[in-house]
Amino acid sequence: MSELSPVSAPFFHYEKGELYAENVALLQLVQEFGSPLYVYSRAALQSAWSKWEEAVKPYRAMVCYGMKANSNLAILQMFARLGAGFDIVSGGELERCLKAGADPKKIVFSGVGKQDWEIKKGIEAGIFSFNVESISELKNIIKVATELRQKAYISFRVNPDVDAKTHPYISTGLKENKFGIDLAYIEEAAQIASASEFVVLKGLDCHIGSQITEIDPFIHALERLCVLVKKLKAKGHPISHIDLGGGVGIRYQDETVINLNDYVSLAFSVLSQQGLDDVQMVFEPGRSLVGNAGVLLTQVQYIKQTGEYEFAIVDAAMNDLIRPTLYDAYHQIIPLVQKEHIATKVYDVVGPVCETGDWLGKKRPLAIEEKDYLAVVSAGAYGFTMSSQYNSRPRVAEVLVDNDQYHLIRRRETLADLYAQEVML
Ligand code: LLP
């Protein structure tokens, strides 16, 4: 496959052999802010949001950004201003999105291990719903809400036992996964909820996995949820929403991705067929809102040949982008400046971290020299948010491009930041 243009990131393009984000040359950014560097395109973020907005417009639906994909305050603020809700999984994410201007009434709180302080913070903020993942958690929410004498609105995250047909580490809707409440226990859980005046059961939800490229598994899960919703309604529980979670995949290489209009309209036609027209739908997209909107820029430090292998050793590493080594994920890698006079060779692109698993791409045809810059494409989701300081490497800076303007939205950590929280004996 040709590596010469960004396959999956329409707001990044070459102009006279130089890679641009919108109308800003990436070389200029890396020269100003240093390398490695995450760069996001505001137009790409907005366009991804518009696709979701268009798809849900004819229906009663709420889109809650799965913010674990990228939780930079500027990006959250942008989505909040566009009217997005948020799917959160920790008190820290709640703090971040409120700080960025989120409307609490559009926040859903997922996660299997919510602690008392997080539940309290959610109730006090007045969030739309806690997505409850076990009967123990339900009992705990009842306890915290009763102590506060405030109502907690909840939905049950159902484990629908469907195969999302994605990487096993990002598959969440199977019985063997830790997520959600088994279908068989939902009615018992509903009874427990209705015994308390401080919790209000108002929905069911599921999240079956991530980077899903077929609609079928979602529809399969929805059908299972509909059966339960009807049972619960018949018993008098006022179920008013179904949350289908996130999971819509993006194009990293040559994947055929889901058409959002098809997905959303099919989901609503299932609701109709089941006589559930009064039910609102919630979606929690993460990757599909930010994945293709970001790149990780990195500089080639050394070119090294060992036997038949050619390595491009770059200054970004698994601590900056862990997806390749953790999920065997493919990210396209392309030069910031195309060089026609240099021979194309096939490289393993690796970082400086002392781990064999420290690679960003394998067997990549590239025409490069030492000190050249590369872009690791489609790194806007689960890139920076999963980064760490492993090997005492300061976390990198983030820049948001907006047409011909750009903003530093997170400064590079300094060496002193590495141990700022530590205390010597
Ligand atoms: N809702 C819930 C409850 C989730 O757990 C997730 C992601 C989302 C929504 C958003 O899913 P998305 O639309 O982004 O697929 N680190 C992995 C992905 C882990 C996804 C975890 N949950 C990766 O880099 O591929």
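Residues numbered from 1 in each chain as written. Predicted model: local features only at pLDDT ≥ 70, side-chain atom pairs only at ≥ 80, totals over all residues. Heavy atoms only, no water.

Re the site of the ligand
Argument step 1. Around the ligand, the surrounding shell holds 17 residues, and the nearest of these are S210, E284, R323, Y327 and Y382.
Argument step 2. The side chain of Y327 places a nitrogen or oxygen atom 2.7 Å from a nitrogen atom of the ligand.
Argument step 3. Starting from 590 Å² of accessible surface for the ligand in isolation, the protein chains cover 92%.
Argument step 4. Broken down by class, the residue content of the shell around the ligand amounts to five nonpolar, six polar and six charged. (Near = heavy atom within 4 Å. Polar contact = N/O pair within 3.5 Å; in protein donor to acceptor, adjacent residues only side chain to side chain. Areas by Shrake-Rupley, 256 points an atom, 1.4 Å probe, with all protein chains shown as cover. Nonpolar A, V, L, I, M, F, W, Y, C, P; charged D, E, K, R; others polar.)

Observations regarding the pairing of strand β13 (residues 280-283)
Argument step 1. Along β13, one buried face is formed by Q280 and V282 and the opposite face, lined by M281 and F283, is buried too.
Argument step 2. Summarising the sheet, strand β5 (residues 61-66) and β13 pair through three bridges and their orientation is parallel. Considered in β13, the bridge of V63 is made with F283.
Argument step 3. Pairing geometry for strand β12 (residues 241-243) and β13, over three bridges, is parallel. For D243, the partnering residue across the bridge sits in β13 and is V282. (Buried < 20%, exposed > 50% of the residue type's maximum accessible area, 1.4 Å probe, protein only. Helix = DSSP H or I, 4+ residues; strand = E, 2+ residues; numbered from the N terminus. Pairing = 2+ DSSP bridges.)

Some details on the sheet that holds strand β2 (residues 18-21)
Argument step 1. Strands sit in the order β1-β2-β3 across an open sheet of three strands; the sheet is antiparallel. Because the sheet does not close on itself, it has two edges, and the strands there are β1 (12-15) and β3 (24-25).
Argument step 2. Bridge count for β2 against β3 is two bridges, and the pairing is antiparallel. In the sheet register, A21 faces β3, and the bridge partner there is V24.

Digging into the UniProt feature "binding site: substrate" (unreviewed entry) in the protein chain
Argument step 1. With numbering matched to this structure, UniProt assigns "binding site: substrate" (unreviewed entry) to R287, R323, Y327, E355 and Y382. A maximum C-alpha distance of 27.0 Å shows the annotated residues, which cover 96 residues in sequence, to be distributed over more than one spot.
Argument step 2. Summarising the element assignment, R287 is placed in helix α10 (residues 287-290).
Argument step 3. If near-sequence neighbours (up to four positions away) are discounted, R287 is found in contact with A69, I170, S210, Q211, V248, I250, Y252, R323, A381 and Y382. (UniProt positions renumbered as here; feature names shortened; annotations may be inferred. Contact = heavy atoms within 4.5 Å.)

Digging into the packing of helix α8 (residues 216-234) against helix α9 (residues 260-273)
Argument step 1. The geometry of α8 relative to α9 is characterised by a closest axis approach of 10 Å and an angle of 25° between their N-to-C directions. By the angle between their directions, the pair α8 and α9 is classed as roughly parallel. Judged by the sense of rotation from one axis to the other, the crossing of α8 with α9 is right-handed. On α9, the residues that touch F218, I219, L222, E223 and C226 of α8 are Y263, L266, A267, V270 and L271.
Argument step 2. Across the contact of α8 with α9, the residue classes tally to nine nonpolar, no polar and one charged. (Axes fitted to C-alpha atoms, helices over the stretch in contact; angles between N-to-C directions. Parallel < 35°, antiparallel > 145°, perpendicular 65-115°, else oblique. Left-handed = near helix turned anticlockwise from the far one by under 90°.)

Comments concerning the domain arrangement of the protein chain
Argument step 1. Each domain of the protein chain was delimited in the assignment, giving domain 1 (12-34 + 293-419) and domain 2 (42-289).
Argument step 2. Centre-to-centre separation of domain 1 and domain 2, based on C-alpha positions: 33 Å.
Argument step 3. Between domain 1 and domain 2, the residue contacts involve 20 residues of the former and 19 residues of the latter.
Argument step 4. A buried area of about 1,800 Å², summed over both sides, lies between domain 1 and domain 2, and 59% of it is on carbon and sulfur atoms.
Argument step 5. Counting the surface domain 1 buries against domain 2, the share from its top three residues, Y327, Y330 and Y382, is 30%.
Argument step 6. Between the two partners, domain 1 and domain 2, sit one salt bridge.
Argument step 7. A salt bridge links D402 to R42; its shortest N-O distance comes to 3.2 Å.
Argument step 8. Linking domain 1 with domain 2 are ten residue pairs in polar contact (both at pLDDT 80 or more), by the criterion used here.
Argument step 9. Sorting the residues of the side of domain 1 that touches domain 2 by element identifies α11 (323-327), β20 (397-402) and β21 (405-410) as the ones contributing at least two each. (Domains from an automatic or database assignment. Buried area = accessible area lost by both parts, 1.4 Å probe. Salt bridge = Lys/Arg side-chain N within 4 Å of Asp/Glu carboxyl O.)

Some points on helix α3 (residues 73-82)
Argument step 1. Those residues of α3 that sit buried are A74, I75, L76, M78, F79 and A80.
Argument step 2. Where α3 begins, one side-chain oxygen reaches toward the backbone nitrogen of A74, 2.8 Å away; that side chain belongs to N72.
Argument step 3. Two residues or fewer after α3 comes G83, characterised by a positive phi angle close to 100°.

Quick notes on the pattern of salt bridges
Close approach of charged atoms lets side chains of opposite charge pair.
Argument step 1. Considering all chains together, one arrives at 17 salt bridges under this definition.
Argument step 2. The residue K114 makes a salt bridge to E137 at a minimum N-O spacing of 2.6 Å. Here K114, found in the loop between β7 (107-109) and α5 (116-125), pairs with E137, found in helix α6 (residues 135-148); they are 23 residues apart in sequence, far enough to count as distant.
Argument step 3. Assessed through its relative accessible area of 8%, K114 is described here as buried.

Concerning α9
Argument step 1. Helix length check: α9, at 14 residues, gives a terminal C-alpha distance of 20 Å against a target of 20 Å (1.5 Å per residue), a fit within 8%.
Argument step 2. Taken as a whole, α9 has its buried residues at L260, Y263, V264, A267, F268, V270 and L271. The buried residues of α9 occupy one face: seen down the axis, they fall within an arc of 150°.
Argument step 3. Buried residues in α9 make contact with α2 (42-56), β5, α8, β12 and β13.
Argument step 4. The residue sitting at the N-terminus of α9 and contributing the capping side-chain oxygen is N259; that oxygen lies 2.8 Å from the backbone nitrogen of N261.
Argument step 5. Positive phi shows up at G275, right after α9, with a value of about 70°. (Expected span 1.5 Å × (residues − 1). Arc of directions from axis to C-beta.)

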